[in-house]
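So the chains spell out like this:
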Amino acid sequence: MYQIKQNPLIKKIGFNRIVLCLVLLIMYGFFALFAKNFVSYNRLLSAMNYAYFLGFLALGVTFVIATGGIDFSIGPVMFCAAIMSGYLLTHYKWPLWVCLITSIVIGMLYGTLNGYLVAYKDVPSFITSMAIMQMSKGIASVFTKAQSVSWPQLAQENGWYRNLIKIKVGNTYLPIGLFILLGVAIICSIVLNKTKIGRYFLCLGSNKEAVRLSGVDVKKWQMLAYIICGTMAGIAAIFFVAAYTTVQPGYGDQYNNEAIAGCVMGGTSMAGGLASISGTFIGVMIISILQEGILAIGLNKNYQLVITGLIVIVAVYLDVMSRRRKN
Amino acid sequence: MGDLILTMKGIDKTFPGVHALDNVDFELYRGEVHALMGENGAGKSTLMKVLTGIYKKDSGTITYDGNVVEFTSPREAQQAGIVIVHQELNFLGHLTVAQNIFIGREYMKGKKIDDARMIEEAAKLFQRMHVNIDPTEKMSNLTVGKQQMCEIAKAISHDAKIIVFDEPTAALTETEVEELFDIIRDLKKKDIGIIYITHRMDEVKVITDRVSVMRDGAYVGTLISKDSTKNDIINLMVGRVIYEDPKTKSMVPEGAPVVLKVENLNAGRFVQNVSFELRKGEILGFAGLMGSGRTETARAIFGADPKDSGDIYINGNKVDIKSPKDAVNNGIGYLSEDRKRYGIVVQRDVAENSTMACLDNFINGIFIDKKKEDSETAKYVESLAIKTPSVDQLVVDLSGGNQQKVVLTKWLVRNCDILIFDEPTRGIDVGAKSDIYKLMNELVKEGKSIIMISSELPEVLRMSDRIVVMCEGRKSGELSIEEATQEKIMHLATMGN
């Protein structure tokens, strides 16, 4: 009956993501102009160190936000997983591969607890994830008696896990982490857009009651989103230590906000029902380049907090406005 | 009738993908009640939103009170004297009537709000309207009818010259409707122009002077209310012949088996000892007043709410339904009375909504078979005449009647044998209504069985093979279609009183 006039190519890629890519390029250009020695392969590798763990966090939380929930625990959960498995590795001398799996399992357990409370006990995700954030910080501290944990360096025994982010080939490094992150992002995108899991996530994010009354076991699916999110935080832990090796208990909140900022920027709606994995991916890249650029330009990390906060406000504002226009 | 107070000429408005208003003309005299009719999605509300500055028109002129105007906000329109009384009332329930009427323009005494003066002024307004409402009462304690009176009082207090009523009687009882009409007649005498949006044919003759009809965003024509028949109006509205097939006797074949048997169902205070049988190929009407427990019964059978006790048999086998999932697995589908809350997923598209109840049938390996999903959905879009540009259209962009058809599609795709339709035609236009009646008749012919909950007695009498009447959570009686009349149903529905 009616025809929507829009360039099919733009529609396919999504206007929002084209704008995001432009933002990314402009930002890179800005830092290239104003920061010393910004345009170099090593700088990019360093920025990517930040993008890997943040990317896994953001991909995970995209699923939760798609269902209309939120998870404020992912940063501290990631730290808790990194600290506990690292302590098992360095203090109790567990084999490395067991510790890596333990890290993922710890994240998954937190996600399961979170999801169970939200889906089956009807506690708002805002509250449960806040509580789990505090708990995970406390558990990590208790476990290591408030000591920070240093994972081994590449040259040391059990150091090979650091190859997960970059591997030396001749005189240069191959960014393995980027390939892994891209691979996982593609899988996430397929899960979200092409499978039953993603379909139910998005639908129940838009109207949970209508989905339940269609005969769908919404509690199961809702819980699954949190399990995926927690598991991704466990994976993020591995990439965090592979990049920075040392983890201190009691921190990690900042990364929640940056991961959520990445999602929201990428077009995932805080109201649920709309999500974009590619958007999240680009959003994470923007935040990573931003943090590298801010350091390179000689400002301290606090500026990054201010800018990320502003980005979240603008992104959420745009989301709200586009909804209002539709109604 | 006085002179023209409002002339809208050549109004055009396009939204992305939709030509919502196509060169629409509309005029209103002082002291005239002018009905605006059309199917859902015909553009009535859009036209009113353009008038009151909620939307900006693309082209055309609005002449109001002799001047060409262009309002940029509802507030501006209000100050100029054009007020809408919305279908869904906007008020703050915890504030008093007087506080609501003067909200945003409170009388002040120095820096303090002068409550005493507001109460006094509100009382004067109600006196002028000849209604009895206590201005100090909390808004949420009033009936819907009284709340609406307050909205009207608010409109009058703005010195309105034009009042737009958007389906004002949708939620009113008969006495309240009478009261409303008295007020409207009174407003007429004061030379206020009234635009009256409604779906109810009967009201047009009773209260309006002229009726303008819109269809698909275009102005179709204007009739003098007292000189035109219901059919004249309907023909203008739909541009096609309406399906009419009143029922005089049960269409259920002799000896048709019982497909659903409910025994002594109890669920909270609204469902007490309800028992009934549904036969194959039958439309079982559920009549009763609002709050008589019909919806609650349906939800308990469907597993949407927990039940306290009672047995349910499907095709003679006892089933244990604990959740909607169990119900759907047993071949029951439930079309809710509140489609926005319980029926559709507005932010997702038509195809996604259509396959929601049986997504497993559209899974190929681990992936959703989008092609199969789209083609299956397209079949129903075609056969139910759902007005949508494509199956990828977000449901939020469809009109009410078409959204309802999408929910129907969901259960048809699932191929349920037992369908519970809760107010299937509420808030949708005659065209879509007739489509749905036709569909229900086709479904029972195919051997499906339908429970139809409806508050419209003509609808119950027209569609049902048998009628269960409920009153205060209990089944107060059962009538065959041959013996049923409106009076008998009402008698059973009000037995407790």
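Residues numbered from 1 in each chain as written. Chains lettered and ligands numbered in written order. Predicted model: local features only at pLDDT ≥ 70, side-chain atom pairs only at ≥ 80, totals over all residues. Heavy atoms only, no water.

Asks: Is there a simple way to explain the overall build of chain B in this structure?
Replies: Helix and strand content of chain B: 17 helices and 24 strands. Taken along the three principal axes of its C-alpha coordinates, chain B extends 70 × 50 × 50 Å. Looking at chain B residue by residue over its 497 residues, the buried ones come to 55%. Within chain B, counting contacts between residues at least 6 apart in sequence, those at least 24 apart form 65% of the total. Split by element, the accessible area of chain B, about 21800 Å² in all, is 49% carbon and sulfur. Taking the average place of the 64 positive charges on the side chains of chain B and the average place of its 75 negative ones, the gap between the two points comes to 2 Å. (Helix = DSSP H or I, 4+ residues; strand = E, 2+ residues; numbered from the N terminus. Buried < 20%, exposed > 50% of the residue type's maximum accessible area, 1.4 Å probe, protein only. Contact = heavy atoms within 4.5 Å. Areas by Shrake-Rupley, 256 points an atom, 1.4 Å probe, with all protein chains shown as cover. Lys, Arg positive; Asp, Glu negative; His and termini not counted. Charge placed at Lys NZ, Arg CZ, Asp CG, Glu CD.)

Asks: When you look at the overall build of chain A in this model, what are you seeing that I'm missing?
Replies: Broken down by element type, chain A carries twelve helices and four strands. For chain A, the C-alpha radius of gyration of 20 Å lies close to 20 Å, the compact-globule estimate for 327 residues. Counting only C-alpha atoms, chain A reaches 70 × 50 × 35 Å along its principal axes. Here chain A holds 327 residues, and the buried ones make up 51% of them. A separation of at least 24 residues holds for 76% of the contacts in chain A among residues at least 6 apart in sequence. (Rg over C-alpha atoms; globule rule 2.2 N^0.38 Å.)

Asks: Help me out: how do you make sense of unusual backbone geometry in this one?
Replies: Keep in mind that most residues, glycine aside, have a negative phi and that most peptide bonds are trans. Look at A:Lys93: it is not a glycine, yet its phi comes out positive at around 60 degrees. Mapped onto the fold, A:Lys93 is located in the loop between helix H4 (74-90) and helix H5 (96-120). Even without being a glycine, B:Asn315 presents a positive backbone phi close to 50 degrees. For B:Asn315, the position within the fold is in the loop between strand E16 (309-314) and strand E17 (317-319). B:Asn315 sits in the exposed class, given a relative accessible area of 53%.

Asks: I keep staring at the environment of B:Ile233 and nothing clicks. Help me out?
Replies: Residue and element names in this part refer to chain B. Among the structural elements, Ile233 can be located in helix H8 (residues 230-238). For Ile233, a relative accessible area of 4% translates into the label buried. In the structure, Ile233 is positioned 144 residues away from Thr377 in sequence and 33 Å away in space, judged by C-alpha atoms. Discounting chain neighbours no more than four positions away, the residues touching Ile233 are Met37, Met201, Val204, Val211, Val213 and Leu223.

Asks: Looking at this model, I keep getting lost on the confidence of the model for chain A. Mind explaining?
Replies: The predicted structure's coordinates, where accompanied by low pLDDT, should not be read in detail. Residue and element names in this part refer to chain A. With 94% of its residues at a pLDDT of 70 or more, chain A shows a mean pLDDT of 90. Here helix H1 (residues 8-13) is the element of chain A with the lowest mean pLDDT, 55, and H5 is the one with the highest, 97. Throughout residues 1-6 the model reports pLDDT below 50, and contacts reaching past four residues in sequence, or to other chains, amount to ten contacts. (pLDDT = per-residue confidence, 0-100.)

Asks: I'm lost on the interface of chain A and chain B in this one. Help?
Replies: How big an interface is tends to be stated in terms of the accessible area lost upon association of its parts. In this complex, chain A contributes 28 residues to the contact, which on the side of chain B involves 39 residues. Taking both partners together, chain A and chain B bury about 2900 Å²; carbon and sulfur atoms supply 57% of that area. The partner of B:Asp360 in a salt bridge is A:Lys196, and the shortest N-O contact between them spans 2.4 Å. Here chain A and chain B share eleven residue pairs in polar contact (both at pLDDT 80 or more) between them. For the side of chain A that touches chain B, the secondary-structure elements that each account for two or more residues are helix H7 (176-194), helix H8 (196-212) and helix H12 (301-326) of chain A. Sort the elements by how many residues they give to the side of chain A that touches chain B and H8(A) lands first, with eleven residues. Here the side of chain A that touches chain B is built from residues that sort into twelve nonpolar, eight polar and eight charged. (Buried area = accessible area lost by both parts, 1.4 Å probe. Salt bridge = Lys/Arg side-chain N within 4 Å of Asp/Glu carboxyl O. Polar contact = N/O pair within 3.5 Å; in protein donor to acceptor, adjacent residues only side chain to side chain. Nonpolar A, V, L, I, M, F, W, Y, C, P; charged D, E, K, R; others polar.)

Asks: Help me understand the sheet that holds strand E23 (residues 466-471) of chain B, please; the structure alone is not making it clear to me.
Replies: The strands making up a sheet associate through hydrogen bonds between their backbones, and the pairing can be parallel or antiparallel. Residue and element names in this part refer to chain B. If you trace the six strands from one edge of the open sheet to the other, you get E18-E21-E22-E15-E23-E24, paired in mixed fashion. Every interior strand has two partners, whereas the edge strands, strand E18 (332-335) and strand E24 (474-480), have only one. Taken over all neighbouring pairs, the strand axes of this sheet differ in orientation by 20 degrees on average, direction set aside. Here E18 runs beside strand E21 (residues 418-422); their pairing, made up of four bridges, is parallel. (Pairing = 2+ DSSP bridges. Axes fitted to C-alpha atoms, helices over the stretch in contact; angles between N-to-C directions.)

Asks: Explain the packing of aromatic side chains to me, please; I cannot follow it from the model alone.
Replies: Both the distance between ring centres and the angle between the ring planes are used here to describe each pair of aromatic rings. Under the criterion given, the structure shown has 28 aromatic pairs over all chains. Ring centres 5.5 Å apart and planes at 75 degrees place the aromatic pair A:Phe30 and A:Phe31 in the edge-to-face group. The structure contains a cluster of three or more aromatic residues connected by ring pairs, namely A:Tyr50, A:Phe53, A:Phe79, A:Phe240, A:Tyr244 and A:Tyr255. Above the plane of the ring of A:Tyr173 lies A:Lys166, whose end atom (NZ or CZ) is 5.1 Å from the centre. Over the aromatic face of B:Phe362 sits the side chain of B:Lys372, whose NZ or CZ is 5.3 Å from the ring centroid. (Phe/Tyr/Trp six-rings, centres within 6.5 Å; stacked < 30°, edge-to-face > 60°. Lys NZ or Arg CZ within 6 Å of the ring centre and 35° of its normal.)

Asks: Honestly, a nonpolar patch on the surface in this entry has me stumped. Any pointers?
Replies: Residues and elements named next belong to chain A. Residues Phe30, Leu33, Phe34, Ile297, Leu299 and Tyr303 make up a contiguous nonpolar surface patch of roughly 620 Å² in combined accessible area. Tallying contributions element by element places helix H2 (residues 15-34) first for the nonpolar patch, with three residues. Among the structural elements, Tyr303 can be located in helix H12. (Patch = residues over 30% accessible without salt bridge, like charges linked within 9 Å, V, L, I, M, F, W, Y side chains within 5 Å.)

Asks: Just checking my understanding: could you explain the pairing of strand E10 (residues 193-197) of chain B for this structure?
Replies: On any regular strand, side chains alternate: one points to one face of the sheet, the next to the other face. Residue and element names in this part refer to chain B. Judged by how many residues are buried, E10 sits mostly within the fold: five of five residues are covered. Because side chains alternate across E10, one face comprises the buried residues Gly193, Ile195 and Ile197, and the other comprises Ile194 and Tyr196, equally buried. Bridge count between strand E3 (residues 33-37) and E10: four bridges; the pairing is parallel. Its bridge partner lying in E10, Ala35 is registered against Tyr196. Once the chain exits strand E9 (residues 162-166) it traverses helix H6 (residues 174-189) before rejoining the sheet at E10, and the crossover so formed is right-handed. (Right-handed = clockwise from strand over helix to strand, strands pointing away.)

Asks: When you look at the side chain of B:Arg348 in this model, what are you seeing that I'm missing?
Replies: Its place among the elements puts B:Arg348 in the loop between helix H11 (339-343) and helix H12 (350-354). Residue B:Arg348 is classed as buried on the basis of its relative accessible area of 11%. Within the local environment of B:Arg348, its side chain forms a polar contact with the side chain of B:Glu352, the two groups lying 3.2 Å apart. In this structure, B:Arg348 is in contact with A:Leu202, A:Cys203, A:Gly273, A:Leu274, B:Asn353, B:Gln393, B:Leu394 and B:Val395, ignoring residues within four places of it in sequence.

Asks: I would appreciate a short explanation of the pairing of strand E4 (residues 59-64) of chain B in the present structure.
Replies: Residue and element names in this part refer to chain B. Here strand E1 (residues 4-15) runs beside E4; their pairing, made up of five bridges, is antiparallel. Looking across to E4, one finds that Met8 is bridged to Ile62. As paired elements, E4 and strand E5 (residues 67-69) share three bridges and run antiparallel to each other. When the bridges of E5 are listed, Ile62 appears paired with Val69.

Asks: What is the right way to look at the nonpolar core in this model?
Replies: For soluble globular proteins, nonpolar side chains are generally found buried alongside one another. All names here are of chain A. Grouped together as the largest cluster of nonpolar side chains are 101 residues, with contacts concentrated most on Phe53, Leu57, Met78, Trp151, Val211, Val247 and Tyr255. Counting residues per element, this core draws most heavily on helix H3 (residues 41-66), at 16 residues. In this structure Tyr255 touches Tyr50, Phe53, Leu54, Leu57, Gly75, Met78, Phe79 and Phe240, once residues within four positions along its chain are discounted. (Core = buried A, V, L, I, M, F, W, Y, C linked by side-chain atoms within 4.5 Å.)

Asks: Just checking my understanding: could you explain helix H11 (residues 277-296) of chain A for this structure?
Replies: Helix length check: H11(A) (20 residues) gives 29 Å between terminal C-alpha atoms against 28 Å at 1.5 Å per residue, within 8%. Most of H11(A) is tucked away, with 18 of its 20 residues classed as buried. (Expected span 1.5 Å × (residues − 1).)

Asks: For this particular structure, what's the right way to read the environment of B:Glu176?
Replies: All names here are of chain B. Mapped onto the fold, Glu176 is located in helix H6. Separated by 33 residues in sequence, Glu176 and Thr143 place their C-alpha atoms 9.7 Å apart. Among all residues touching Glu176, those that are not within four sequence positions of it are Thr143, Gly145, Lys146 and Met149.

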